[in-house]
Amino acid sequence: LMKNFIAIIVAPLLFASCVPSYAPPKSGEATAEISFEGVHPTMFTDGESCSNPQVIPTENLPINGKSTPLKIRANKEIAFIGGFTNVENINSKEVTLSNCVVAYSFIPAEHQKYKFFVVVKGNTCGGGILKLSPNGQYETELAATKREFNLHPSPGSQVRCSPKQI
């Protein structure tokens, strides 16, 4: 029996060390909101260096089609990394794994709403940051930067996206 199974990488970074839980903006700080589609990402509060990872709370993740947008700090670069693992032929001796992992950084504007998504269509892996336009439609955030990342760090180091742009 042949099956296809797509598993969301819940925290593509289940690091060797502990990753702190998300720390929301303090009262009075400028904020924006982000929701997630098809991905359970990890957030890096220092998007410029792709460091300071934080685990996003479950209520902000797309589970059973429901989630609450995450309040994020505005006017400071942040980064997200997330993706899918595609497992084929589960019940056969041959298991094929293919990964689709993307990382993006951007500077959220105050009061703006965003969406981070990952999508797999055939052999194509993609994703990005969308922003809500004044007409109520999501459009590509042109200021978002696609980043390199390393899912296989050296012992004792953390998995993280790279400051290098691609």
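All values reported here derive from a predicted model rather than from experimental measurement. (Residues numbered from 1 in each chain as written. Predicted model: local features only at pLDDT ≥ 70, side-chain atom pairs only at ≥ 80, totals over all residues. Heavy atoms only, no water.)

Remarks on the sheet that holds strand S10 (residues 138–140)
Line of reasoning, step 1. Read from one edge to the other, the open sheet built from five strands follows the order S5-S2-S8-S9-S10, with strand pairing classed as mixed. Each end of this open sheet is capped by a strand with a single partner; those strands are strand S5 (70–73) and S10. The mean inter-strand angle of the sheet, taken between neighbouring strand axes irrespective of direction, is 35 degrees.
Line of reasoning, step 2. Bridge analysis of strand S2 (residues 31–37) against S5 gives four bridges, and the strand direction is antiparallel. In the strand pairing of S5, Ile 34 is matched with Leu 70. (Pairing = 2+ DSSP bridges. Helix = DSSP H or I, 4+ residues; strand = E, 2+ residues; numbered from the N terminus. Axes fitted to C-alpha atoms, helices over the stretch in contact; angles between N-to-C directions.)

Examining the side chain of Thr 31
Line of reasoning, step 1. For Thr 31, the position within the fold is in strand S2.
Line of reasoning, step 2. Taking the relative accessible area as the measure of exposure, Thr 31 reaches 18% and is therefore buried.
Line of reasoning, step 3. With residues up to four places along the chain from it excluded, the contact list for Thr 31 reads Pro 25, Lys 71, Ile 72, Ala 74, Ala 109, Glu 110 and His 111. (Buried < 20%, exposed > 50% of the residue type's maximum accessible area, 1.4 Å probe, protein only. Contact = heavy atoms within 4.5 Å.)

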